[in-house]
Structures are given as C-alpha cells and as structure tokens.
Amino acid sequence: MSCPTIVRNPQANNVVHCLLIVLSFALFACDLHSPHGKNSNKSSLVGEWKNTYMKVTMESFRNSDSTKIIEVDESNWEEKLKAKTVRTFFREDGTYNSEHRDLNDSIFYNPAGKWRIEGDSLYMTDTFPEKGISYTYWLQVNDSIAEFRGLEDFDQDGNIDDQYIGRQRRQRN
Ligand SMILES: [Ca+2]
C-alpha cells in the first residue's frame, strides 16, 4: 500500500501527515498472528470508533541506520499530529468512512469504502476519494476496544518494514 497523500501531493511528504491519512487506522497485517483474544466477527466492529492510541516503528528510517518511532495516545494526539482523533464508522451494509478533522474540527479527509472480516483479518478497500486502495489489518476486538496491527511502508523507503499498532474505542453501536 502506498500513502495516497504523498502520491497525490508531493508537498505533503511528511510522515506524520501520511500516517494520519492512511490510517489512523492503520494497518495491516500480513504476517502477524493473534496469540490471544477472541475471534473478530462482523457484528463486533459495526458502529462508531475513535482512535485512542497509535505506535509506528520505522526501522532503517528512510534507509538510514536510525529507527524512528511515533507513539501517541489521547493525551498528546492533537499536539503531536495537529489533528483530532479519527472517527471511523463501520456500517452493517459493509461500508465505512473515516472522518479526519483538523484542530478547528473541519474535515480535511474522509475516505470511504467497503470492509469485510475474514478470520482475524480486516480488509478495507477505498472507493473514495480513490478507488481500489486496499488495506489489510490484523484485528482484535475486545468489547469496546479494537486493536489493529500490521506492517507498512510508512516512511516510503520502498520496504514494507514499518510496524503499526493502533487502538480504537467504540463510541456507539
Ligand atoms: Ca519502510
């Protein structure tokens, strides 16, 4: 997966910005497994969710010998990311959208698409603003907290080696 913001707007070549856009939600689970927790199913995710935590570990950041880590929770999300926590709506009909709001509470990005769960993986495919961008997350839902994990190329260095952990809290069913 690439970061659509960076692809469309080279001036937005900013890792934090990219993180917000693509995921707040983030990602993606290719080879990560759930050693614990109950199986996720569709009904467990239907509702409104809000980000509470995100950690991205970028080893060999942009092909350097250093590691960059971005870690935010509800106490410092706005200060560090210059945006509100993201609100995501998973609907029973298999559609979703994720509202990204700035500190003035104006929506600056609101991707929408289709979602489905298979086993402990969540598959999301955007239909707006670009069609066909897909994400896969390892998902675990325990009542009101959902955790997403995966690997991605956040620093856009060509290697899918950046680890993502994100948690969201259910706002309503
Ligand atoms: Ca990378």
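Residues numbered from 1 in each chain as written. Predicted model: local features only at pLDDT ≥ 70, side-chain atom pairs only at ≥ 80, totals over all residues.

What am I meant to see in the nonpolar core here?
Soluble globular proteins tend to pack their nonpolar side chains together in the buried interior. L45, L122, Y137, L139 and A146 are the most contacted members of the largest nonpolar core, which totals 14 residues. When residues in this core are grouped by element, the largest group, five residues, is from strand β8 (residues 134–142). Ranked by size, the runner-up nonpolar core spans eight residues in total, among them M54, V56, V72 and L81. (Core = buried A, V, L, I, M, F, W, Y, C linked by C-beta atoms within 7 Å. Buried ≥ 20, exposed ≤ 12 C-beta atoms within 10 Å, placed from the backbone. Helix = DSSP H or I, 4+ residues; strand = E, 2+ residues; numbered from the N terminus.)

Please explain the confidence of the model for the protein as it appears in this structure.
One rule of thumb: low pLDDT means the predicted coordinates there are not for detailed reading. Of all residues in the protein, 77% attain a pLDDT of 70 or more, and the chain-wide mean is 82. Contacts for the low-pLDDT stretch residues 1–13, under 50 throughout, to residues beyond four places or in other chains number 21 contacts. Low confidence marks residues 26–37, where pLDDT is under 50. Its contacts with residues over four positions away, or in another chain, come to 36 contacts. (pLDDT = per-residue confidence, 0-100. Contact = placed C-beta atoms within 7 Å.)

Would you explain unusual backbone geometry in this entry?
For residues besides glycine, phi is generally negative; the peptide bonds are generally trans as well. The omega torsion across F128 and P129 is 0°, close enough to zero to call that bond cis. Within the secondary structure, P129 sits in the loop between β7 (121–128) and β8. The phi angle at K82 is positive, at roughly 55°, despite the residue not being glycine. Relative to the helices and strands, K82 is located in the loop between α4 (77–81) and β3 (87–90). K82 sits in the exposed class, given 12 other C-beta atoms within 10 Å. With a phi angle near 55°, D143 is a residue other than glycine that sits in the positive phi range.

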